[in-house]
Structure formats: C-alpha cells, structure tokens
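Here are the chains, one letter per residue:
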Amino acid sequence: MQLYSTNNKELRVSFKDAVFNSLPEDKGLYMPENIPTLDAYFIQNLSRYTFQDIAFRVASALIGDSLPTSDLRRIIDDAIDFEAPVRPLDSGLAVLELFHGPSLAFKDFGARFMSRVMAALSHADERVLDVLVATSGDTGGAVALGFLGVPGTRVTILYPKGKVSPVQELQLTTNGQNIRAVEINGTFDDCQALVKEAFNDPELKAALRLTSANSINIARLIPQTFYYFYAYAQLQIQGLDEVVFSVPSGNFGNIGAGLLACKMGLPVKQFIAATNVNDTVPRFLQNGRYEPRPSVQTLANAMDVGNPSNWVRIMDIFDNDPEALKRLVSSYTVTDAETREAIRLLFDRYGYVACPHTAIAWQAADWYRAEHAGSYATVFLSTAHPCKFPEVFPDDIATRISIPSQVSQLEGREKQARPMDVDFGAFKRYLLDVS
Ligand SMILES: *Cc1c(COP(=O)(O)O)cnc(C)c1O
C-alpha cells in the first residue's frame, strides 16, 4: 500500500512511513493511492462472515502486502475482540453500538488497531516506541487502553488537571505497565503545546523514538471502516438492504471511514453528518463556503470541533467535487436544548438511553426520515456509553444507566500521575528519565 498526500498527489510514501509520521510535511493528509473495490459476491454475502473475518478482508484489501497476512490476522483478532451490535428500535430504525470496547467509546477501534500495527511494523532491534498524546478526555483513554501491554511501546499521556471527568481520569491514570500519565497544571492547549514542542526538540528526537497517536493517523481510520460492513451484514440478516447511516461528527474521522467503505463497494443510500452547533460542515453543504470557526463548548464535547481535521480526506474521496459529496451526504445541526430533548424522546419512545453524541445522531436521523419517505433502514451510530456523561441526564433516566464492568473495575484503583507545571524543561527531563 502506497499513500499520497492530499496536498501533493505525486508524493508517495509507504504504509509504515504514514503510520509513524502521520502528518505529511506539506500539511495534507495521507490517503491510499488506490481505493480497492471489494468483490460484489463478498458484499452480498457479508452476513455469512464473522466481524473479524469481515475486518480481515477489508483490511487486507486496503493494506495489501504492507503487513504479512498472518500478522494482520493476529492484529485483527486481538484488536477487534468486542462486539458492534445493531439493535433495532423500531421498524426501519436501529442503533449501531460502538461502545463495547475497553474505554467505552468508538475510538477503541482506531486506537487498538493502530497500536498493534505500530508494534508489528517495528523491528525487533528498534528502540522502544515512545507515544506522546495530549488529551481533553476521550482520546487519551482509548489510546491508553489501546496500547496497554503492547510490547515495544511506552505511552505518555498529558491531561489538564481537574478538566477531565472522574471516569476518564481513572482510565488514564490507573493502568501501570507501559502507560504513564502526566497531570498538567494547565489547560488542554498547554498539554498539546508541550507535546508539540517535544516533537520539535532535536535532543529528544535523537534520544527517543517518538510518535504521536494522532486522530488523523491512517491506521486509526482503516479499522473504522470495519463496522460499517459489519453493520450491513447484520441488516442483511434482518432482511434489509437499503441503509442510511447517521454519524455524530466532530473531526469527521468516523463518517470519513464510512465514506471510504462506500467507495470500496458497500451499498449505502445516504450518510447523515450530525453535528452540534459546531456546524462548519453543515454550513458548507448549504452555501458552498468552507469557513471554520473557533470551537464552541457543548454537551457533546467530543464533537466540539471548529475545523474538522479529516475534512480534506472527505473532499479528496469526492475528487473535491462538492456536488458529488452533497448527493451522498446530508447534514443537520443539533443544539444543546435539542440534544436534551432527543435524550428524553429516545428514552420515552424506545426506553433507550443514549449519550449526548448519540442523541445528536438520532435527532438528525429522525429529521431526515421525516423529509424522505421510503423503506430504507436508518442506522444511527452510538459512539460512547452513556455512563461516561452522568451529568447530562435527568434523574429518572440516569437511574436506568447500567455501569459496565470496564468502569466498575476501575473503582478503588489507585491514581498514578506525575503532577507537572506547564514547563517544557521539566517535561523533557521526565521523558529523558533524568528527573
Ligand atoms: C470522537 C468522538 C466523536 C466524533 O468523532 P469524529 O471521528 O471526530 O467525527 C463522536 N462521539 C464521541 C463519543 C467521540 O468520542
């Protein structure tokens, strides 16, 4: 598999280069040189395969010989070891639950796959891979748990003191093994600035094999295609074959993977990009002007993104033709008040408890269905377990949230984090192990 940069289609890099240096120097994003089409027989018979078999076929087609087949099979079986069930709520309406992994969010797919790919692409004689990541919450947990116990890797997570939820903090700070947490006396932006400075520091670059676990890494995008195929397989079993996916979107990696799956031959009638009031993409689809704005804080904070980092990939999939894009992608913006109302409606109508991100996807899907009659199935993606956001639910709904073992087992564990001021010198000494 060779990749080009969206800013320079003449450039070619190997899969390994794209994985370890996720950002091209020209600031574009890496895309596969060829997007393969899966054979129609396979797609018509998806329901005969297991989730892991489907993931393996899709990944093999994309990655080709960049990894030995036996390595890829092992990585998939190990990384994709939890379910992604499609639960019907109503005739023609279902939810695809992507939160059954260790951090209870869909980012587990990307993080678990990427960590194992990085380990497999490293040679036995190479130094330990030092992964640095700054987090405002969800990404850090998925990365920490994604790399936990992966040989040849060490993860350092920077998070802002007092600014992540209690569950998130436990996910970041109670792992031990190859994962360590640094609690920065500052903001998320301070954490990010420290990580950035580390990547630019000549001494650190010489001493350590540094890499980032950035959300734009191609190895995080690829595994997110798997569950679109698997969802389709489950719909086939239910006798449905026309599907609309509604995707709660922030950086547009999740929906980008769906569009990639579609390009590979998955028959999807329509995608719905559901956003909170950070509506750069809905505005673009309406007036044709891409005008990013600073992000605004909302109830669905993992989607508080003013300038979605994966957007150029999506434009690239459509050869930068906004009309082609609009034929396949609809979008809706959901306010905080509408999100609370959607949480209520989902609960009252179906007895279903959805996290705020998921509720946004449902609301957008519901509006779409009201505007488009037809016998298609609508599947909205549930990106996180509601127990991660206890503060948004009214009491009668909150009491109905069950606490999964991934969280209950964290209780009583000891927090281990190195407190640190916003001080690059101190961070550098910590990384070099001289303090
Ligand atoms: C990251 C995240 C999203 C947004 O996904 P993108 O790929 O950035 O569009 C939605 N919901 C949850 C719970 C998330 O953690």
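Residues numbered from 1 in each chain as written. Predicted model: local features only at pLDDT ≥ 70, side-chain atom pairs only at ≥ 80, totals over all residues. Heavy atoms only, no water.

A. Inspection of the packing of helix α15 (residues 336-350) against helix α16 (residues 356-371) at higher detail. Where α15 meets α16, the axes come as close as 8 Å, and the angle between the chain directions of the two elements is 80°. Taken as axis vectors, α15 and α16 run roughly perpendicular relative to one another. Here E338, T339, A342, I343, L345, L346, R349 and Y350 of α15 lie close against α16, whose contacting residues are P356, A359, I360, W362, Q363, D366 and W367. Looking at the contact of α15 with α16, its residues break down into 10 nonpolar, two polar and three charged. (Axes fitted to C-alpha atoms, helices over the stretch in contact; angles between N-to-C directions. Helix = DSSP H or I, 4+ residues; strand = E, 2+ residues; numbered from the N terminus. Parallel < 35°, antiparallel > 145°, perpendicular 65-115°, else oblique. Contact = heavy atoms within 4.5 Å. Nonpolar A, V, L, I, M, F, W, Y, C, P; charged D, E, K, R; others polar.)

B. Inspection of the site of the ligand at higher detail. Around the ligand there are 15 residues in total, and K107, D138, G250, N251 and T383 lie nearest to it. One nitrogen or oxygen atom from the main chain of G250 is found 2.8 Å from an oxygen atom belonging to the ligand. Interatomic distance of 2.8 Å between a backbone N/O atom of F252 and an oxygen atom of the ligand. (Near = heavy atom within 4 Å. Polar contact = N/O pair within 3.5 Å; in protein donor to acceptor, adjacent residues only side chain to side chain.)

C. Fine view of the pattern of salt bridges. Applying the stated criterion to the full structure yields 22 salt bridges. With a closest N to O distance of 3.4 Å, E291 and R289 form a salt bridge. Classification of E291 by relative accessible area gives partly exposed; the value is 35%. What emerges from the salt-bridge pattern is a single network uniting K16, E126 and R209. (Salt bridge = Lys/Arg side-chain N within 4 Å of Asp/Glu carboxyl O. Buried < 20%, exposed > 50% of the residue type's maximum accessible area, 1.4 Å probe, protein only.)

D. Examining the sheet that holds strand β12 (residues 329-333) more closely. Ordered in space as β4-β5-β13-β10-β11-β12, the six strands form an open sheet in which the pairing is mixed. Lying at the two open borders of the sheet, with one neighbouring strand each, are β4 (86-90) and β12. Strand-to-strand, the axes of this sheet are offset by a mean angle of 25°, without reference to chain direction. The pairing of strand β10 (residues 243-248) with strand β11 (residues 270-275) spans five bridges and is classified as parallel. Pairing of V247 across the sheet is with A273, part of β11. Contacts from helix α10 (residues 218-237) reach β4, β5 (93-97), β10, β11 and β13 (377-382) within the one sheet, and its direction differs from that of β10 by about 140°. Running at roughly 80° to β4, α15 makes contact with β4, β5, β12 and β13 of the sheet. (Pairing = 2+ DSSP bridges.)

E. Layout of the nonpolar core. Within the largest apolar cluster, 98 residues are counted, with the highest numbers of intra-cluster contacts made by F15, F226, Y227, Y228, F229, F245 and F271. In terms of residue count, α10 provides more of this core than any other element does, 13 residues in total. Counting residues in hydrophobic clusters, the runner-up holds 27 residues, among them V95, A105, F380 and I401. (Core = buried A, V, L, I, M, F, W, Y, C linked by side-chain atoms within 4.5 Å.)

F. Structural view of the packing of aromatic side chains. Counted under the stated rule, the structure contains 16 aromatic pairs. Grouping aromatic residues by their ring pairs yields a cluster made of F51, F82, F109, Y227, Y228, Y230, F245 and F271. The ring of F42 has R57 sitting right over it, with the charged end atom 4.1 Å from the ring centre. One cation-aromatic arrangement involves R209 over F20; the distance from NZ or CZ to the ring centre is 5.0 Å. (Phe/Tyr/Trp six-rings, centres within 6.5 Å; stacked < 30°, edge-to-face > 60°. Lys NZ or Arg CZ within 6 Å of the ring centre and 35° of its normal.)

G. Structural detail: the environment of F427. For F427, the position within the fold is in helix α19 (residues 424-432). The spatial distance from the C-alpha of F427 to the C-alpha of A198 is 8.5 Å, given a sequence separation of 229 residues. Residues contacting F427, with those up to four places away along its chain left out, are T156, L158, L194, A198 and M420.

H. Layout of helix α4 (residues 69-79). Among all positions in α4, only D71, L72, I75, I76 and A79 are buried. On an axial view of α4, the arc spanned by its buried residues comes to 130°, and they lie on one face. Facing away from the buried side of α4 by more than 90 degrees, the exposed set consists of T69, S70 and R74. Elements in contact with the buried residues of α4: α3 (51-63), α5 (107-121) and α10. (Arc of directions from axis to C-beta.)

I. Local environment of the pairing of β12. Counting buried residues in β12 gives four out of five residues, a clear majority hidden from the surface. By the bridge criterion, five bridges tie β11 to β12 in an arrangement that is parallel. Bridge pairing in β12 places F271 opposite V329.

J. Representation of empty space enclosed by the protein. Scanning the entire structure with this criterion turns up one cavity of 30 Å³ or more. A volume near 40 Å³ is recorded for the largest cavity. As for the largest cavity, its lining consists of M31, L221, F252, G256, L260, N310, R313, I314 and I317. Mapped onto the lining of the largest cavity, the elements with two or more residues apiece are α11 (253-263) and α13 (311-317). A total of three residues in the lining of the largest cavity trace back to one element, the largest contributor, which is α13. Partitioning the lining of the largest cavity into residue classes produces six nonpolar, two polar and one charged. (1 Å grid on protein atoms, 1.4 Å probe; cavity = no way out; pocket = protein on both sides within 12 Å on 5 of 7 lines; lining within 4 Å. Points joined across faces, edges and corners; volume = space filled by probe spheres on them.)

K. Just unusual backbone geometry, in detail. The residue K27 is not glycine, and still its phi comes out positive at about 70°. In this fold, K27 is placed in the loop between α1 (15-20) and β3 (30-32). Notably, D319 is not glycine yet its phi reads approximately 50°, a positive angle. On the basis of relative accessible area, D319 is assigned to the exposed category, the value being 58%.

Remember, this is a structural readout, not a statement about activity or role.
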